[in-house]
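Read off the chains here:
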Amino acid sequence: MVTSIIRRLMQAMFVILAMTIIVFIGVSVIGNPVDILINPDANQAERARVIAHYGLDQPLWMQYLLFLKGLLQGDFGNSFVYGRPALGLILERLPATLELAVTALGIAIIFGLPLGLYAGLYPNRISSKLIMSGSILGFSLPTFWVGLMLIMVFSVELGWLPTNGRGPTAEVMGIQWSFLTGEGLRHLLLPAFNLALFKTSLIMRLTRAGIQEVLPQDYVKFARAKGLREQRVIAVHVLKNLMIPVVTIIGLEFGSLIAFSVVTESIFAWPGMGKLIIDSINLLDRPVIVAYLMMMVLLFVVLNFIIDVCYTILDPRVRLDAKA
Amino acid sequence: MTPLLQVSNLVTEFGGGKGRPGLKAVNDVSFSVERGRVLGLVGESGSGKSVTGFSIMRLLEHPGRIASGQVIFDGTDIARLSDEEMRRLRGKRIAMVFQDPMMTLNPVLTIATQMVEAVRAHDDVSKEVARQRSRDALGLVGIPSPEERLSAYPHQFSGGMRQRVAIAIALLHKPDLIIADEPTTALDVTIQSQIISEFQKLAEQSNTAVVWITHDLAVVSRLADDIAVMYAGRLVETGPVSKVLSTPRHPYTAGLIGSVPSQNRRGERLRQIGGMTPAINRLPEGCSFRTRCDLATDGCRAMPALLAEADRSFRCIHPVTREIA
Amino acid sequence: MADHNNPDTATLLPEPSRLAKGISDFFRSPAAAIGLIVLLIICCLALFAPWISPQNPYDLMQLDIMDGRLPPGSESMTGLVYQLGTDSQGRDILSGILYGLRTSLLVGVLSAFAAAIIGTTAGLFAAYMGRRTETVIMRLVDLQLSFPTILMALMMLAILGKGVTNVVIALIIAEWATYARTVRATALVEREKEYIEAARMMRLPGWRILFRHLLPNCLAPVIVIATMQVARAIGLEATLSFLGLGASVTEPSLGMLISTGYQYLLTGLYWISFFPGIALLVTIVAINLVGDRLRDVLNPRNAS
């Protein structure tokens, strides 16, 4: 078990290292670093100072090492726009994004899992077919457009829910959270549903596909042949096998939710990382872009690691092999 | 004495319904098994023998269904039972062992979980009692250190051991009837032999009836009292094993016996039945076997009836008369 | 019934070719048939946009700012009827949609096609070469697939800068890995088959084995993925344009049109965002319906 964790940690380090190289090559070699790095308004002396500061007069490998050194110290440089450390800006906005993504994931699971189960267990019912058709729609609806339509219906026409921002927040452990105040919760509702729509369809389809893969298995038939009640066959024999792929997918999708929150945050003016990165790309605020990308890489690596561990706990075959 | 299991004119269809005919995977099949006897249900894959087994258990998967005929178990027609009544029969009075031991046990549940739930599905006992009974059942089928093995997962067992576990589960409630669907096909020959002995003991000692579904005539000749040969969904020959195997009447049975190596003299070419089993949706008119049969005549274009001859029967208008062994 | 079961007549009937069978299978799903018809109509609309649209929405000379933000059905000073209304620059929404569809389909097909070629080649190459080449390619694929498409696309746009061309490049880079993984998996199975062994023994050149023998067998999954990918790419292009990273304001794609309408949505001018969104939705749904059916038809597991 310990060796397999160490092996996974080393793989994770390898991924992070590989991504630093890709990001470095992308930003410093493909793009023109002088153009990107230096504020166009800067004068000649300022240019020279920045080039020296970032070591752009150094050979490439040296630049990469400097880049790595900065990473390790959490120093991505100051944002051109805000004039503050880029990492700080990102971290400041992380809670808002996390709050949105977690809520959306919760919504996707609450709706997707039971509907997918139903459609998988009774594939020939008309209601199941309707559910599956609905999921194609949920798959095809562009998230940003649905966001606009939600605003149009619930905010403009009905006037029920607010259109932008987080609303009033409450502080817990030094971090501001929207869901702790009633008004904040109202602000959270539309963006969370908007973000959840695609994932709900995805979880629904995966659950259904999983059920249909497990149901014809011999062990399900054998469980019935033992005279087990149908509820137990489904709840224990089918669901336990289904959980393995579903948990894996849900874990992976959480990362993707954070990435996709870029869109939802832009529409609902939700002050998270996603909104920041779009603004930064538009304004060519390189330090913030790099900080965001590296933050996401780290997040995904950590997430993958957690999924691996969960998988090991859920599947006895993997668990015991690792022990041996 | 009325037999424990009496299957009469069973027809199992896939698809169809609402007036349209489905594909008949089992067509007009009748046989019976008495307590303490072993019936060998023989046929190639696709002959409908497994579907017959699942029809008796009422475990057909959609769109399969029993279209007509009766399955009388101990005096009651199982087709008339409610789902709950049928559930109470399954595992309690009729148990089943499946073909592939690698697939029958749930990979993510311990053996204990899978056995205890089987006990408690029918008997209202505590988990401890259920566990005790599971341990005893494992011991009975010859699994060493059963207490330890209870908390193991299926993948920690070899194929033979898994099949023993499956048999132990089938024996938990001392069923009256066991349907064994090719339980030794996936196993090594030595283990096959051990498992067959277990079943022989079981039938003799606890007076259990066994329907042994297989394609292996050698197994049937060792184990079974009676034999029923299926071809393309229909019974083609039934009778006591000794008689049918020594003097087969149906050309298909004769062909099957001829293709078993031990039946051929050394150096002689192994005989084969020419052609392939026809697909169930493309059966020839009349006798299903006629396109592969050397003896076929124009008379075979009409479906022959099952002809009785003393304690046996066959479905052929020009039966084989030659002795084989 | 009896006739149907007679093998003598059954064998006389010619086996329909696989393609014909696939096509008739495809049309057995009414949803897929409708999807295909709608898709064909959309393609025609996009193709003939310059001839059928009431105005050229990219030609600023034709736009009249005085006609800005007119509701659907309004009439311009020159007698032109804006069936779906106008945007803030006085651009006819219907014309905008027709031209926008051109961009969407072009971006979708181009990126899916290019990604398919690159990914398939990489996957085949990995499967055929094995050893180190395979390890390197597949590591890269794993690395890339562990990040969502939109993140990869954002990363590429952060590096390359904004614009439709860069969106296409970003989509290709973000999507090739899916093909590579699938093709390699299929090719690995094929590689073990005897005919490849035979081809090797005949000393056929490597590229010939790759493209004449391995490739055709990997084509079915590639076609299915590519179809779905076109829909995804269209959605992503619209999303990125909406975020202001794709098409320019003067030559709006569907995403950009929706984006320009966003600010007027709150004041009740729904049509600028609504209609282009519907066009986008119908296009994506139609492609997905076709793709869904293609997957069912081409999947050998469902062949019966």
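Up top you'll find the structure we're talking about.
Residues numbered from 1 in each chain as written. Chains lettered and ligands numbered in written order. Predicted model: local features only at pLDDT ≥ 70, side-chain atom pairs only at ≥ 80, totals over all residues. Heavy atoms only, no water.

Trainee: Go over the pairing of strand 4 (residues 64-73) of chain B, please, and point to the residues and values.
Mentor: Residues and elements named next belong to chain B. Sheet topology places strand 1 (residues 5-14) next to strand 4; eight bridges connect them, and they run antiparallel. Pairing of Gln 6 across the sheet is with Ile 72, part of strand 4. Inspection of the sheet shows strand 4 paired to strand 5 (residues 76-77) by two bridges, in the antiparallel sense. Within strand 5, the position partnered with Phe 73 by the bridge is Thr 76. Where strand 4 folds back onto strand 5 in an antiparallel hairpin, the turn is made up of two residues, including Asp 74, whose phi is positive at roughly 50 degrees. (Pairing = 2+ DSSP bridges. Helix = DSSP H or I, 4+ residues; strand = E, 2+ residues; numbered from the N terminus.)

Trainee: For the sheet that holds strand 8 (residues 209-214) of chain B, give the residues involved together with the corresponding values.
Mentor: Residue and element names in this part refer to chain B. Pairing is mixed across the open sheet formed by eight strands, whose spatial order is 6-7-8-3-9-10-12-11. Two strands bound the open sheet, and with one partner strand each, they are strand 6 (94-97) and strand 11 (307-309). The sheet shows a mean angle of 20 degrees between the axes of neighbouring strands, taken without regard to direction. Pairing between strand 11 and strand 12 (residues 312-314): three bridges, direction antiparallel. By the bridge assignment for strand 12, Leu 307 is matched with Phe 314. Here helix 11 (residues 251-258) sits on the sheet and contacts strand 3 (38-42), strand 9 (226-231) and strand 10 (234-240); the angle it forms with strand 9, its principal contact strand, is near 105 degrees. (Axes fitted to C-alpha atoms, helices over the stretch in contact; angles between N-to-C directions. Contact = heavy atoms within 4.5 Å.)

Trainee: Kindly report on a nonpolar patch on the surface, identifying the contributing residues and their values.
Mentor: Residues and elements named next belong to chain C. Residues Ile 37, Ile 41, Leu 45, Leu 47, Phe 48, Trp 51 and Ile 52 make up a contiguous nonpolar surface patch of roughly 750 Å² in combined accessible area. At the level of elements, helix 4 (30-47) and helix 5 (49-52) are the ones that each hand at least two residues to the nonpolar patch. Counting residues per element, the nonpolar patch draws most heavily on helix 4, which supplies four residues. Structurally, the position occupied by Ile 37 is in helix 4. (Patch = residues over 30% accessible without salt bridge, like charges linked within 9 Å, V, L, I, M, F, W, Y side chains within 5 Å. Areas by Shrake-Rupley, 256 points an atom, 1.4 Å probe, with all protein chains shown as cover. Salt bridge = Lys/Arg side-chain N within 4 Å of Asp/Glu carboxyl O.)

Trainee: Outline the pattern of salt bridges, supporting the account with residue identities and numerical values.
Mentor: Residue and element names in this part refer to chain B. A complete count under the given rule lists 35 salt bridges over all chains for this structure. With its nearest N and O atoms 3.3 Å apart, the salt bridge here joins Arg 35 to Asp 176. Here Arg 35 is found in the loop between strand 2 (23-33) and strand 3, whereas its partner Asp 176 is found in the loop between helix 7 (159-171) and strand 7 (177-181), with 141 residues between them in sequence. For Asp 176, a relative accessible area of 16% translates into the label buried. (Buried < 20%, exposed > 50% of the residue type's maximum accessible area, 1.4 Å probe, protein only.)

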